[in-house]
Amino acid sequence: MNTFKLPESVLVVIYTPERDVLLIERADHPGFWQGVTGSRDSLSEPLGTTALREVFEETGIRGASGQLADWKLSNIYEIYPAWRARYAPGVTHNTEHVFGLCVPERLPVQLNPREHTAFEWLPWLEAADRCFSPSNAEAVLMLSRMVARRSA
């Protein structure tokens, strides 16, 4: 039985109080840098649970729900043709929900080598420039505004 990915995912911008952002490089597309992304395991899985699970699976970082902020932003985008076979036939678009995860400092990262080959902590503007995906870049560029809103 073939199990397809759900076309609903999370994007998690992991950052420090100094606004350094963690980016990871895709194993299946060298040079494609991004934040943590991943699909829900089931329709009943809460998006915050998906976000924390994906952060741990992809980086080894254990986030706490108190550190995780739902940025109340969703992007709908066309799934890149290279990845469409992972979804049910006819599925062409994904809804991505954006979260931020503030960590106290540049934490050590333990990558899942099947998914990612390298990581880098970068100042937020450099990180935005490095992202291959427009939605990733836009989320990183929103960091200052989202952090200011959270502390207000």
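Above this text you will find the structure in question.
All figures in this text were calculated on a predicted structure; none of them were measured in a lab.

Peer 1: Account for the side chain of R40, naming residues and giving values.
Peer 2: Along the chain, the position of R40 falls in the loop between β4 (36-39) and α1 (47-59). At 2.8 Å, the side chain of R40 forms a polar contact with the backbone oxygen of L43. The residues touching R40, leaving out its near neighbours within four places in the chain, are L6, E8, E45, P46, L47, T50 and R53.

Peer 1: If you had to explain the pairing of strand β2 (residues 20-26) to someone new, which residues and values would you point to?
Peer 2: The buried fraction of β2 amounts to 7 of the 7 residues, a majority that puts the element mostly inside the structure. When β2 meets strand β7 (residues 116-123), the two strands line up antiparallel, connected through 7 bridges. Bridged to I24 within β7 is F119. Across 2 bridges, β2 lies against strand β3 (residues 33-34) in antiparallel orientation.

Peer 1: Give a description of the packing of aromatic side chains that names residues and reports values.
Peer 2: Applying the stated criterion across every chain yields a total of 4 aromatic pairs. Ring plane angle 25 degrees and centroid distance 4.3 Å describe the contact between F32 and F132, whose orientation is recorded as stacked. Of this pair, F32 sits in the loop between β2 and β3 while F132 sits in the loop between α2 (124-130) and α3 (134-141); the two residues are 100 residues apart in sequence, bridging distant segments of the chain. Accessibility expressed as a relative area gives 26% for F32, which makes it partly exposed. An angle of 45 degrees between the planes, with centres 5.8 Å apart, marks the rings of Y80 and F132 as tilted. Of this pair, Y80 sits in the loop between β5 (68-78) and β6 (93-102) while F132 sits in the loop between α2 and α3; the two residues are 52 residues apart in sequence, bridging distant segments of the chain. A network of ring pairs unites the aromatic residues F32, Y80, W83 and F132 as a single cluster.

Peer 1: Give me the lowdown on the environment of H97, citing residues and values where you can.
Peer 2: When you line up the elements, H97 lands in strand β6. The class of H97 is buried, set by a relative accessible area of 13%. Along the primary structure H97 and I14 are separated by 83 residues, whereas in three dimensions their C-alpha atoms are 14 Å apart. In contact with H97, other than residues within four places in its own chain, are E8, S9, V10, L11, L47, L73 and S74. One polar contact links H97 to E8, side chain to side chain, over a distance of 2.7 Å.

About the thresholds
- Residues numbered from 1 in each chain as written.
- Predicted model: local features only at pLDDT ≥ 70, side-chain atom pairs only at ≥ 80, totals over all residues.
- Heavy atoms only, no water.
- Helix = DSSP H or I, 4+ residues; strand = E, 2+ residues; numbered from the N terminus.
- Polar contact = N/O pair within 3.5 Å; in protein donor to acceptor, adjacent residues only side chain to side chain.
- Contact = heavy atoms within 4.5 Å.
- Buried < 20%, exposed > 50% of the residue type's maximum accessible area, 1.4 Å probe, protein only.
- Pairing = 2+ DSSP bridges.
- Phe/Tyr/Trp six-rings, centres within 6.5 Å; stacked < 30°, edge-to-face > 60°.

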